[in-house]
Each structure stands twice: as structure tokens, then as C-alpha cells.
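# Analysis of the macromolecular model
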Amino acid sequence: DIQMTQSPSTLSASVGDRVAITCRASQTLTNHLNWYQQRPGTAPKLLIYAASTLQSGVPARFSGSGSGAEYTLTISSLQPEDFATYYCQQSYSVPSSFGQGTKVEI
Amino acid sequence: EVQLVQSRAEVKKPGESLKIACEASGYNFLNFWILWVRQVPGQGLEWMGVISPRDSDTRYSPSFQGQVTISVDKSTNSAFLQWNSLNASHTAVYYCARQAIQYDLTAGFDPWGQGTLVTVSS
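The sections below set out a description of the structure shown in this document.

### Considering the overall build of chain A
Helix and strand counts for chain A stand at zero helices and eleven strands. Ordered by position from N to C terminus, the α and β elements of chain A give β-β-β-β-β-β-β-β-β-β-β. Relative to a compact globule of 106 residues, whose C-alpha radius of gyration would be 13 Å, chain A shows 13 Å and is just as compact. Per-residue burial over chain A gives 50% buried out of 106 residues. Considering only contacts within chain A whose residues lie at least 6 apart along the sequence, 55% involve residues at least 24 apart. Within the structure as shown, chain A displays about 4600 Å² of accessible surface, and the carbon and sulfur contribution to it stands at 47%. Of the side chains in chain A, 6 bear a positive and 6 a negative charge, and the two mean positions are spaced by 4 Å.

So this is what it looks like as C-alpha cells:
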């Protein structure tokens, strides 16, 4: 199975900051990498699929990049509603797997 | 509007069985795979398995194979997650989610149900 490792585990930032979260896989994913946001007490929400495609309705301050086994989620200007936990998910093979999560806190 | 509505929270005793539901609406249920995910309180997301409502083709994570059963009922547009014998380690929130793009399992899952909290305690 493919192992997914996110860094950092926790990120402290302020409103307006540019932040980046990295996801590394144990093998190449050929861009089959998705990002989710989970606010406390709510279900996850898909932000980006296929490494860099923004899901419909997601603000343009979110972007994804990367290739091979390393991918990055960037938030260009952090907003109050962005303080949440972010997960990457590989969809290269079944069973799929999630990273352990990155909590973005104030 | 595409919606997944999950069954209410459950409190069960060790050894009991349980089947929780995920009812879909607002789209053609047969054309999108359904995913089940476990989240232990305070921890991350775990991919359990997916099912195709069209033909019940099911893929499990090895971590959950044999521990749970995923199924669908096409007549009620519902997916199910079932345990035959619960124990305390099954205490978690369970989410269902729909394949985001028809015929493309690689493009993630969206939307998600609201989650069902399962508590197993003697």
C-alpha cells in the first residue's frame, strides 16, 4: 500500500499569511492526488483533485502543485474560515490512503 | 442538490451487530461510487472501502477487509456499512462520500454525508 506523509503536522499562521502544506507519497502518484479541508465538527470537503484542479465552488486562493511523489497545497492569503485540518489523499491505487493531516491554527 | 444523509448516532454494546445507512439524493445513484471513511475521535481519516451501486463491485482496504461489510440497496438509493460483532475499537465517526466525477475514481470524493457517530461501550 502507498504511504502518505504530510508536513508540517501543525502550522501556526495569521490571517493574510501565505501557507503551504506538503504531501509526500512512498511512490509516484502521476498526479493522482487530492486535497480535503475539514473544519472542526464537520465532514471533509474536497478542495483540489488531480493535484491542481480546483473543485467547483472552492475559492481561488487555494492552489495545488507538484508531481511524482511530492505535492503541495498553497493558500495564498489565509482567511478566518481557513483555520481547519487539511488532508491529502492518493487516488493512484486501491486501496487509497490519506495523509495524517495538517492542522492550520491561529 | 446532491445530498448524502446518514443515519443517526448509535450507542451499542460489545458483541452487538450494527448497520448504518447513507441515503443519496439529487443524482443518478447508479453512476457514482460511494466511499466509506472512519475517523476515530481526535484522529485522521481512514479509507475503508468503496462500492459501485450499479453492480455492487466492492473494494476494501486490507485493514477493514473481513471486519465490515459494505452494500447498497438500489431501490432506496442507499449505501450501508455493517458490523457483525462490535467492540470498543469500532468507536468512531463514519462518513460516506460520493465519487466527485462520474466514471473517474481518481478525482476524489464530494459531497460527504454528515457522519454517523458509533459508540461501543459496555
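### Observations concerning the interface of chain A and chain B
On the side of chain B, 22 residues touch chain A, which itself brings 20 residues to the contact. Of the roughly 1600 Å² buried at the junction of chain A and chain B (both faces included), carbon and sulfur atoms supply 65%. Looking only at chain A, the three residues that lose the most surface to chain B are A:P44, A:V94 and A:F98, adding up to 30% of its buried area. Linking chain A with chain B are zero salt bridges. At the boundary of chain A with chain B, the tally comes to nine residue pairs in polar contact (both at pLDDT 80 or more). Split by residue class, the side of chain A that touches chain B holds nine nonpolar, nine polar and two charged.

### Section: the state of the cysteines
Residues and elements named next belong to chain B. Within the structure shown, the criterion is met by two disulfides over all chains. Disulfide pairing places C22 opposite C96 at an S-S distance of 2.0 Å. The sign of the 80° torsion about the S-S bond sets the C22-C96 disulfide as right-handed. Of this pair, C22 sits in strand β3 (residues 18–25) while C96 sits in strand β9 (residues 92–101), and the two are 74 residues apart along the sequence. In terms of burial, C22 and C96 fall into one category: buried.

What counts as what
Residues numbered from 1 in each chain as written. Chains lettered and ligands numbered in written order. Predicted model: local features only at pLDDT ≥ 70, side-chain atom pairs only at ≥ 80, totals over all residues. Heavy atoms only, no water. Helix = DSSP H or I, 4+ residues; strand = E, 2+ residues; numbered from the N terminus. Rg over C-alpha atoms; globule rule 2.2 N^0.38 Å. Buried < 20%, exposed > 50% of the residue type's maximum accessible area, 1.4 Å probe, protein only. Contact = heavy atoms within 4.5 Å. Areas by Shrake-Rupley, 256 points an atom, 1.4 Å probe, with all protein chains shown as cover. Lys, Arg positive; Asp, Glu negative; His and termini not counted. Charge placed at Lys NZ, Arg CZ, Asp CG, Glu CD. Buried area = accessible area lost by both parts, 1.4 Å probe. Salt bridge = Lys/Arg side-chain N within 4 Å of Asp/Glu carboxyl O. Polar contact = N/O pair within 3.5 Å; in protein donor to acceptor, adjacent residues only side chain to side chain. Nonpolar A, V, L, I, M, F, W, Y, C, P; charged D, E, K, R; others polar. Disulfide = S-S within 2.5 Å.

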